[in-house]
Amino acid sequence: MLAEIKGLNEECGVFGVWGHPDSAQLTYYGLHSLQHRGQEGTGIVVSDGDKLRVVKGEGLVSEIFTADVMEKIKGTSAVGHVRYATAGGGGYENVQPLLFHSQTGSLALAHNGNLVNANFLKHQLEGQGSIFQTSSDTEVLAHLIRRSGFSELKDQVKNALSMLKGAYAYLILTENELMVALDPHGLRPLSLACLGDAYVVASETCAFDVIGAEFIRDIRPGELLIINKDGITSEQFAFNSTKSICAMEYIYFSRPDSNIQGINVHTARKNMGKRLAVEAPIEADVVTGVPDSSISAAIGYAEVSGIPYEMGLIKNKYVGRTFIQPTQTLREQGVKMKLSAVRGVVEGKRVVMVDDSIVRGTTSKRIVSLLKEAGATEVHVVISSPPIKNPCFYGIDTSSKEELIASDKSVEEIRQLIGADSLTFLSTEGMVGAIVKTEGTNGFCLGCFTGNYPTEIYPDTLQYYYQK
Ligand code: SF4
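Residues numbered from 1 in each chain as written. Predicted model: local features only at pLDDT ≥ 70, side-chain atom pairs only at ≥ 80, totals over all residues. Heavy atoms only, no water.

### Details of the nonpolar core
So the rule is basically this: Residues grouped as a nonpolar core are buried Ala, Val, Leu, Ile, Met, Phe, Trp, Tyr and Cys residues, joined through side-chain atoms within 4.5 Å. Burial classes follow relative accessibility: with a 1.4 Å probe on protein chains only, a residue under 20% of its type's maximum area counts as buried, one over 50% as exposed, and anything between as partly exposed. Helix and strand assignments come from DSSP, with helices taken as H or I runs of at least 4 residues and strands as E runs of at least 2, each series counted from the N terminus.
The biggest cluster of nonpolar side chains holds 50 residues, and the ones touching the most others in it are M248, Y250, M272, Y301, Y394, M431 and F449. For this core, the secondary structure elements donating two or more residues are β15 (245-246), α9 (247-253), α10 (265-279), α11 (295-305), β21 (350-355), α16 (428-436), β25 (444-445) and α17 (447-450). The dominant element in this core, judged by the number of residues it contributes, is α9, at 6 residues. Counting 28 residues, the second largest nonpolar core, distinct from the first, contains A118, L125, L141 and I172.

### Comments concerning the site of the ligand
We apply this condition: The near set for a molecule or strand comprises every residue that places at least one heavy atom within 4 Å of it. As a working rule, the residues Ala, Val, Leu, Ile, Met, Phe, Trp, Tyr, Cys and Pro are called nonpolar, Asp, Glu, Lys and Arg charged, and the rest polar, with Gly in that last group.
For the ligand, the full set of nearby residues is R188, C246, A247, M248, C392, Y394, I396, C445, G447 and C448. Elements supplying a minimum of two residues to the shell around the ligand: α9 and α17. Residues that form the shell around the ligand fall into these classes: 8 nonpolar, 1 polar and 1 charged.

### Thoughts on the sheet that holds strand β12 (residues 214-218)
Where we set the bar: If DSSP finds at least two bridges between two strands, the strands pair. Angular values range over 0 to 180 degrees, each being the angle between N-to-C directions of two axes fitted as lines to C-alpha atoms, with helices fitted over their stretch in contact. Contacts are assigned to residue pairs that have any heavy atoms within 4.5 Å of one another.
Across the sheet, 7 strands lie side by side as β4-β3-β5-β2-β11-β10-β12; this open sheet has antiparallel pairing. Pairing within the sheet leaves two strands with one partner each, and these edge strands are β4 (52-58) and β12. Across this sheet, the average inter-strand angle for adjacent strands is 15°, counted without regard to direction. Here strand β10 (residues 191-195) runs beside strand β11 (residues 198-202); their pairing, made up of 5 bridges, is antiparallel. Bridge pairing links L192 to V201 in β11. Sitting on the sheet, helix α2 (residues 23-33) is in contact with β2 (12-18), β3 (41-47), β5 (77-83) and β10, with an inclination near 25° to β5.

### Section: unusual backbone geometry
Where the residue is not glycine, phi is negative for most of them; where a peptide bond is considered, it is trans in most cases. Residue Q96 is joined to P97 through a cis peptide bond whose omega torsion reads 0°. Among the structural elements, P97 can be located in the loop between β5 and β6 (98-102). For the bond running from P291 to D292, omega is -5°, close enough to zero to count as cis. For D292, the position within the fold is in the loop between β18 (286-289) and α11.

Geometric values such as these leave the question of function open.
Below, the structure is given as structure tokens:
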């Protein structure tokens, strides 16, 4: 589904290069392939070994980095960022990477994720004299680094990271080092690759493919990588790390051509569809998926059920950027503009409509009615994930608890509200089993489904998400 009309939004993507003369250009291409992770702002910081330079702005990668701009930013290492703003809000000052200068050198920060103790740390730091330039939680790390008593940057960073709670994949660039850190639960994906002698880091492996980089490995939870002229070194800054990768990355956010923890996203989604066909067998004439992220699951459902897959819904790819749609009415208009039912496919047919999730329910309702208006005799909605009952505190904008339709409604109540003939959600065990092919649900964050979060959630964070 389309993030902007659904109510699920990824917060960010990061990309970094060390040791390549075209680092800025490579970062441009990398960020372009991560554009689905955030469309509100983007930036690149480049180092020529002597100085850091930043170019950033509110808009898409192709809008901010014109050919003229790219001509002016040259260097041998770079970090870049695409942002979807939630925590801290939007605005130019919050567009990353954030760049800080001090007497001992400069430091650029790019962050994917969300800290759950940012406000707590901010209050403490302000009490000690810090003045924040942005409302972004990312800036907290810079202050913690600079206030650390250690003399070496590596120790300052490790000390600062140990105070953070929540989800973070950080790229930290100085004049002569690139540091890469992942939170102790590995909530967000982050991988390492090489391009000749250069190193590349990205939120998703699709960004490696676009520049011809060769995947090396995923960054481990609680790991700090340091890349400089002497090569690459790895240290653990957290020893009680347990992997809890966000299940939503597989269900919805990541690109189907990316691999997360060695598992291809399209394959995982297709397996979810196959599992759904076993858990929710339905007598129908055609299976259709809601473009784009549900098509893989729909193909899987069709394969196992034996019901033909058809393109019953199409997306108009050339609709302008309508992603800021604060009211329900506007959101519904957005659906209308972007999706159409194919009358020739669905007329007179019993349709299985596969979607990846239901957030507020408004989108599902609209799509069911689109299919019925186009002549579908029955519309059976099957969802390739469990009901989203709880907010996310780790960088996915899932809306407040009150706005989540499954937080206080039964499956039958939701079915009635969206006007479907039947509604089935994939079980939690079925979803995880479809991704990893093992029993149990270890290794994943399932907080928005189960309410069990891998970290402590601070009271002011809870209040923010339950009332926003
Ligand atoms: S709460 Fe949900 S969206 Fe957030 S990190 Fe966990 S699985 Fe992902």
